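Survey of secondary and tertiary structure
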Amino acid sequence: MKQTTKFVLEVLIILSLTACHKKDKMVNSYMDLTTNWLLKMDGGEEDIVAEVPGTVHTDLLRQDIITSPYYRDNEKELQWIDKENWIYSCRFNINGNQLESQKIFLLFKGIDTYADVFLNDSMILQTNNMFRSWKVDIKHILTKGENTLRVKIYSPIKIGLDKLDEYGIALPAVNDQSQIGGIGEKRVSVFTRKAPYHYGWDWGPRFVTMGIWRPVELQFIDAAEITNIFLRQRKVNKEVAEINAEISATAFKDGDYKIEILEYGSDKVIAAKNIKLEEDNTENIELNFKIEDPKLWWPNGYGEPYIYSFKTCLYKDDKLLDKEITKTGIRTIEVIREKDSVGTSFYFSVNGVPVFAKGANYIPNDCFVTRVGEDKYKTIISSAAEANMNMLRVWGGGIYENDIFYELCDELGILVWQDFMFACSMYPGNPEFLDNVKEEAIENVVRLRNHPCIALWCGNNENDAAWCRESENCGWGWKQRYDEEQRRIVWDAYDTLFHKILPDIVQKYDADKFYWPSSPLESEGKSSGYESKSGDVHYWGVWHGGEPFERFGEVIPRFMSEYGFQSFPEMNTIRRFTEPEDHGIYSDVMLAHQRSPIGNQKIKEYMEKYFQVPDKFEDLIYMSQLLQAYGIESGIKYHRLNKPYCMGSLYWQLNDTWPGPSWAGIDYYGNWKALHYAARDAFGKTTVTTLQQDDQIGCYILNDDKNLSDAELIITVLDFEGYVYHNEKSVVHFDFEKSTKVFDANIIQLLGKLPLNKALLKVELKVGRETIFTGLHYFVYPCELDLKKCNIRYELEEKSDVQYLIVLSADKLAKNVMISIPNVQITLSDNYFDLLPGERKEVILSVKQQGYKIKEEDIRLKVMNDV
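Residues numbered from 1 in each chain as written. Predicted model: local features only at pLDDT ≥ 70, side-chain atom pairs only at ≥ 80, totals over all residues. Heavy atoms only, no water.

**Description of the overall build of the protein chain**
Note the threshold: Each helix is a run of DSSP H or I of at least 4 residues and each strand a run of E of at least 2, with the numbering of both proceeding from the N terminus. As a reference, a globule follows 2.2 Å times the number of residues to the power 0.38, and the radius of gyration itself is taken over C-alpha atoms. Exposure is judged per residue with a 1.4 Å probe applied to protein chains only, and the accessible area is read against the type maximum: over 50% gives exposed, under 20% gives buried, and values in between give partly exposed. We call two residues in contact whenever any of their non-hydrogen atoms come within 4.5 Å of each other. The accessible surface values rely on the Shrake-Rupley method and a 1.4 Å probe; as for residues, cover is taken only from the protein chains in view.
Looking only at helices and strands, the protein chain features 14 helices and 45 strands. Relative to its length of 867 residues, the protein chain is compact, with a C-alpha radius of gyration of 29 Å against a globular reference of 29 Å. Along the longest, intermediate and shortest principal axes, the C-alpha atoms of the protein chain span 90 × 65 × 65 Å. Buried positions account for 61% of the 867 residues belonging to the protein chain. Across the protein chain, the fraction of contacts at a sequence separation of at least 24, relative to all contacts at a separation of at least 6, is 71%. Of the roughly 34400 Å² of accessible surface on the protein chain, 45% is carried by carbon and sulfur atoms.

Structure, rendered in structure tokens:
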């Protein structure tokens with residue numbers, strides 16, 4: 001039966017209501033200006049065809065003026081581009097009817113970064129912030145017929161060098177790869193409000209882009225326009241949601257107007273108001289309405305992320321002037337920080353339910369962000385949801401993402417920890433810079449605040465931990481570079497920006513959201529450390545500190561917002577940016593794509609401890625992914641085991657910005673590494689994890705399903721030939737609030753004479769006839785397993801033009817079976833899995849290339865047994 005949403009209209013309207021239907025013609029109109037653009041270097045003679053939205057680099061690439069920036073070590077040959085100025089131009093026509101509009105605005109939704117904008121040779125705008133939009137009244141300059149728009153974009157490097165000299169203090173910016181950029185130790189990224197990662201990072205290249213990176217449009221406005229809508233949720237529970245709609249409207253004619261809010265789809269009026277507006281004035285209008293028996297928005301795994309859609313219409317003289325569609329979810333969200341016996345909690349509560357945050361850190365999907373289309377966003381965000389994630393942290397060294405990113409997170413129930421765009425640096429405190437940031441922050445808070453996915457606003461990434469004002473011995477050694485007066489200047493700028501400006505903006509424009517000054521942080525005024533019992537932690541003892549994976553079981557924070565381990569991408573990805581002679585982890589090309597100075601060597605060192613180190617390059621690539629998955633899976637296990645003390649596990653990182661070795665679980669081309677499959681299992685709603693300590697083995701249920709508390713547990717001990725040494729079943733009871741120990745045994749008694757390196761423990765959890773979890777535990781490190789050659793049989797069945805079923809079986813344990821097809825991009829329902837002897841494993845294979853037919857001989861299998 002169709003459910004009807006019950007709205008209660010709280011505003012009395014005199015006269016009848018006239019709802020704005022889809023067929024109603026809107027008086028205000030818009031003209032897209034993203035076509036017919038040309039580009040040339042300042043001082044150059046020839047124009048080339050440009051794309052808007054786009055970047056200089058991608059336009060040069062499209063016209064074959066440069067070669068692929070990501071191929072081999074081409075990066076270093078393209079550093080000249082950001083030292084030049086560039087000119088975009090286009091011509092467009094305006095008719096007489098358009099010129100009769102009361103107001104005509106030109107809107108740039110994003111310019112990267114410093115630009116002078118000319119219309120018909122008159123300067124109309126100067127820009128200095130990639131993260132802001134720019135709107136200017138141009139009616140007085142437009143002419144009937146052809147008009148010319150010109151955007152001169154200036155080198156951010158040259159301007160940055162001038163700003164560095166003017167400021168007089170070289171501020172720390174450890175990831176600014178200035179030497180690759182050819183400017184020595186002059187790190188200028190902090191002086192320009194553009195994506196910090198464009199200047200390089202320890203997982204990505206240095207391409208300091210320029211361009212018109214978001215759409216451009218003309219707006220023809222008659223009388224008035226809607227400038228903003230904020231659906232503030234005053235009260236939310238199962239019975240009712242009380243909504244305060246705060247609508248901003250700007251008038252260009254005095255008069256009587258009417259505002260309506262409708263249920264989108266049905267066009268049922270749910271709130272309305274007659275108002276008076278004054279010319280050249282912005283009025284804030286409030287309309288209140290209630291939703292009875294609301295369908296609540298829930299994070300992935302906790303319920304349906306239901307989305308409501310509303311249409312707001314502005315009328316004058318019964319003419320529809322403007323309309324806006326607003327989508328939101330009805331929910332409460334809080335960050336709970338309550339003192340307890342050891343410290344202070346830090347967790348998210350949605351609709352009154354504590355949520356264990358499962359997810360990863362998210363970075364931009366490309367250095368050239370205009371190349372990232374809707375399909376790529378869908379691939380990455382849906383992959384996160386498929387891996388049972390319910391939170392992504394939008395890291396502060398990238399961009400405030402495009403609307404599609406947040407819309408997908410809304411739809412899929414992915415909470416967003418949203419950093420402001422500051423990372424691993426200290427920033428200037430001059431009035432021009434701070435005023436610019438203030439406008440940037442206001443615009444992006446206002447743009448994103450209706451999204452139900454937004455869970456928290458965070459001031460920056462790691463700046464507090466790096467400076468660490470508390471003592472001379474903490475931090476990254478930054479403050480020791482400066483004298484006392486310089487320290488005061490640097491800290492005052494930090495304090496003003498992150499402890500005053502940004503929290504004041506969040507309080508004013510999105511007061512229901514929690515603001516956290518920096519990540520990691522123990523508490524306001526106290527930096528985070530591995531021993532912190534409050535706040536969030538970035539733990540890099542594993543990887544940077546060289547500590548073993550077992551340390552994940554000892555460093556348990558209240559909320560783990562960063563930890564990670566690297567691997568190489570699969571061979572199909574490596575082949576796309578290398579030649580065969582580059583296939584060695586210490587080749588010039590592989591090192592050029594490895595941006596962590598310790599990276600390839602660190603992978604090898606950890607592999608020597610936990611896995612065999614293969615001689616063949618392809619085998620080493622495969623083994624690196626198993627190593628990464630092994631390490632991060634152990635971190636997830638320990639974080640979930642310690643629920644509710646620890647209530648979040650966000651590993652670094654979900655995705656990649658270019659092809660190469662990195663901490664990502666999904667590579668640049670959207671291929672799942674072994675880590676992402678392992679994370680999907682480890683983040684499952686109800687799982688069983690094992691904990692081996694000395695001669696004891698225990699099984700714990702990790703449960704995030706508040707409706708499940710009983711199941712059947714099946715414990716089986718096998719050897720690698722499939723012989724069963726022990727089997728037992730029991731009904732177990734477990735909690736939602738914490739992990740529950742459901743099995744404990746002495747390993748020697750459990751295995752008997754079966755050697756540790758030839759034994760495995762199979763754990764199953766069943767509810768009724770359905771097996772909701774299956775997991776395997778090995779009693780020694782992978783490098784110590786006594787793996788024998790195995791025979792894997794498989795059959796291929798075509799299910800559709802793009803989808804196939806592979807059925808596999810093996811005569812012995814096949815460890816970490818990897819399925820691939822050389823030079824063909826595929827997706828798999830499972831991969832890097834263990835195949836038990838006699839087991840029948842079904843895997844769905846989908847082909848991304850249209851028209852490509854898979855044959856059995858195309859398929860390649862790799863197993864640890866052979867490596």
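This is not the end of the story, as more comes after the structure.
**Here's the deal with the pairing of strand β11 (residues 145-153)**
Note the following rule: Here a strand pair is declared whenever DSSP counts at least two bridges between the two strands.
Here nine bridges tie strand β5 (residues 86-94) to β11, and the two strands are oriented antiparallel to one another. Looking at the pairing, S89 lines up with R150 of β11. Examined bridge by bridge, strand β8 (residues 114-119) and β11 share five bridges and lie antiparallel to one another. Bridging from a neighbouring strand, V117 pairs with V151 of β11.

**Let's talk about helix α13 (residues 674-682)**
Most of α13 sits inside the fold, with eight of its nine residues counted as buried. Buried residues of α13: A674, L675, H676, Y677, A678, A679, R680 and A682, and no others. Tucked into the core, α13 has its buried residues touching α4 (374-386), α12 (617-641), β31 (648-651), β32 (686-693) and β42 (826-828).

**Some remarks on the sheet that holds strand β38 (residues 770-778)**
Threshold: Orientation is described by axes fitted as lines to C-alpha atoms, over the contacting stretch for helices, and by angles from 0 to 180 degrees between their N-to-C directions.
Strand order in this open sheet of four strands is β35-β34-β37-β38, and the pairing throughout is antiparallel. On the outer flanks of this sheet lie β35 (724-733) and β38, each paired with one strand and no other. Taking the axes of each pair of neighbouring strands and ignoring which way they run, one obtains an average angle of 15° across the sheet. Alignment of strand β34 (residues 710-719) against strand β37 (residues 759-767), held across eight bridges, turns out to be antiparallel. Bridging across to β37, I714 finds its partner in E764.

**Some details on the state of the cysteines**
Which entries qualify depends on this criterion: When two cysteine sulfur atoms are found within 2.5 Å, that pair is recorded as a disulfide.
Scanning the entire structure with this criterion turns up one disulfide. Between the sulfur atoms of C468 and its disulfide partner C474 the distance amounts to 1.9 Å. When the S-S torsion is -105°, as for the bridge of C468 with C474, the disulfide is left-handed.

**Let's talk about the sheet that holds strand β20 (residues 319-328)**
The pairing of strands in a sheet comes from backbone hydrogen bonds and takes either a parallel or an antiparallel form. Taken together, the four strands give an open sheet; going across it, the order is β17-β16-β19-β20, and neighbouring strands pair in antiparallel fashion. The open sheet is flanked by β17 (268-277) and β20, the only strands paired with a single partner. Mean inter-strand twist for the sheet, computed between neighbouring axes without regard to direction, equals 20°. Pairing between strand β19 (residues 308-316) and β20: nine bridges, direction antiparallel. Among the inter-strand pairings, T312 is bridged to a residue of β20, identified as E324.

**Section: the packing of aromatic side chains**
For any pair of aromatic rings, the description rests on two quantities: the centre-to-centre distance and the angle between the ring planes. Keep this limit in mind: Any Phe, Tyr or Trp ring, taking Trp's six-membered ring, that has another such ring centre within 6.5 Å forms a pair; planes under 30 degrees apart are called stacked, those over 60 apart edge-to-face, and the others tilted. Only Lys NZ and Arg CZ are tested; either one counts as a charge over a ring when it is within 6 Å of the ring centre and within 35 degrees of the ring normal.
One pass over the full model with this rule turns up 60 aromatic pairs. Centroid distance W80 to W86: 6.2 Å. Interplanar angle 45°. Geometry classified as tilted. Accessibility expressed as a relative area gives 3% for W86, which makes it buried. In textbook terms, an aromatic cluster arises when at least three aromatic residues are bridged by ring pairs, as seen for W540, W543, F549, F565, Y606, Y610, F611, Y630, W663 and Y781. The ring of F230 carries the charged tip of R449 above its face, separated from the ring centre by 4.1 Å. The ring of F833 has K841 lying over it, and the distance from NZ or CZ to the ring centre is 4.9 Å.

**Focus: the pattern of salt bridges**
Keep this limit in mind: By salt bridge we mean one thing: a side-chain nitrogen of Lys or Arg within 4 Å of a carboxyl oxygen of Asp or Glu.
Taken as a whole and assessed by the stated rule, the structure comprises 58 salt bridges. Of the charged contacts in the structure, one is a salt bridge between E246 and R234, with a shortest N-O distance of 3.7 Å. Here E246 is found in strand β15 (residues 240-251), whereas its partner R234 is found in strand β14 (residues 224-236), with 12 residues between them in sequence. Bridged by salt links that share partners, the residues K358, R640, K643 and D704 form one connected network.

**Things to note about the confidence of the model for the protein chain**
Quick reminder of the rule: What pLDDT reports is the predictor's confidence in each residue, on a scale of 0 through 100.
In the predicted model, the protein chain carries a mean pLDDT of 95, and the fraction of residues at 70 or more is 97%. Ignoring residues within four places in sequence, the model shows residues 10-18, a span with pLDDT below 50, making 18 contacts including any to other chains.

**Points about the packing of α4 against helix α5 (residues 403-412)**
Stated formally: Take the far helix as the reference: if the near one is turned anticlockwise from it by less than a right angle, the crossing is left-handed, and if turned clockwise, right-handed. Amino acids outside the nonpolar list (Ala, Val, Leu, Ile, Met, Phe, Trp, Tyr, Cys, Pro) and the charged list (Asp, Glu, Lys, Arg) are all regarded as polar, and Gly is one of them.
Interaxial distance between α4 and α5 falls to 10 Å at its minimum, and their mutual angle equals 35°. α4 and α5 meet at a crossing whose hand is right-handed. Of the residues in α5, those touching α4 at E374, Y377, K378, I381, S382 and A385 are I404, F405, L408, C409 and L412. Residues of the contact of α4 with α5, tallied by class, amount to eight nonpolar, one polar and two charged.

**Structural notes on the environment of R72**
Its place among the elements puts R72 in the loop between α1 (56-62) and β5. Separated by 502 residues in sequence, R72 and I574 have C-alpha atoms that sit 9.9 Å apart.

**Some remarks on helix α3 (residues 156-167)**
Going by this rule: Given the number of residues in a helix, its expected span is that number minus one, multiplied by 1.5 Å. Think of the arc as the fan of directions from the helix axis to the C-beta atoms.
Taking 1.5 Å of rise per residue, the 12 residues of α3 would be expected to cover 16 Å, and the 16 Å separating its terminal C-alpha atoms lies within 8% of that figure. All of the buried residues in α3 are P156, I157, G160 and L164. The buried residues of α3 occupy one face: seen down the axis, they fall within an arc of 90°. Facing away from the buried side of α3, by more than 90 degrees, are the exposed residues D162, D165 and E166.

**Looking at the side chain of H639**
As for its placement among the helices and strands, H639 is situated in helix α12. Look past the residues within four positions of H639 in its chain and what remains in contact with it is F356, M560, Y563, C646 and S649.

**A closer look at the packing of α12 against α13**
Counted only if it meets this: To sort the angles, those under 35 degrees are grouped as roughly parallel, those over 145 as roughly antiparallel, those from 65 to 115 as roughly perpendicular, and the leftovers as oblique.
Relative to each other, α12 and α13 sit at 25°, their axes nearing to 8 Å. On the basis of their axis angle, the class for α12 and α13 is roughly parallel. Here α12 runs over α13; the crossing is right-handed. Within the contact between the two elements, α12 uses Q625, L626, Q628, A629, I632, E633, I636 and R640 and α13 uses A674, L675, A678, A679 and A682. Residues belonging to the contact of α12 with α13 are distributed by class as follows: nine nonpolar, two polar and two charged.

**Focus on the environment of H777**
Mapped onto the fold, H777 is located in strand β38. On a C-alpha basis, the gap between H777 and Q692 in space is 9.3 Å, while along the polypeptide they are 85 residues apart. In this structure H777 touches T690, Q692, I697, L760 and L761, once residues within four positions along its chain are discounted.

**Points about unusual backbone geometry**
Residue P644 is reached from K643 by a cis peptide bond, and omega for that bond is 10°. Summarising the element assignment, P644 is placed in the loop between α12 and β31. Residue W652 is joined to Q653 through a cis peptide bond whose omega torsion reads 10°. Tracing the chain through its elements places Q653 in the loop between β31 and α13. Positive phi is not limited to glycine here, since R72 has a value of about 50°.

**With respect to the environment of R860**
Heads up, the condition is: Polar contacts here mean pairs of N or O atoms no more than 3.5 Å apart (in protein, one a potential hydrogen donor and the other a potential acceptor; neighbouring residues in sequence count only if both atoms are side-chain atoms).
By the secondary structure assignment, R860 is in strand β45 (residues 860-862). In this structure the C-alpha to C-alpha distance between R860 and V240, which are 620 residues apart in sequence, comes to 56 Å. Among all residues touching R860, those that are not within four sequence positions of it are M818, I819, S820 and P822. Engagement of the side chain of R860 in a polar contact is seen with the backbone oxygen of D858, the distance being 3.3 Å.

**Description of the side chain of K311**
By the secondary structure assignment, K311 is in strand β19. Among the residues examined, K311 registers a relative accessible area of 2% and is labelled buried. At 3.0 Å, the side chain of K311 and the side chain of D267 are in polar contact.

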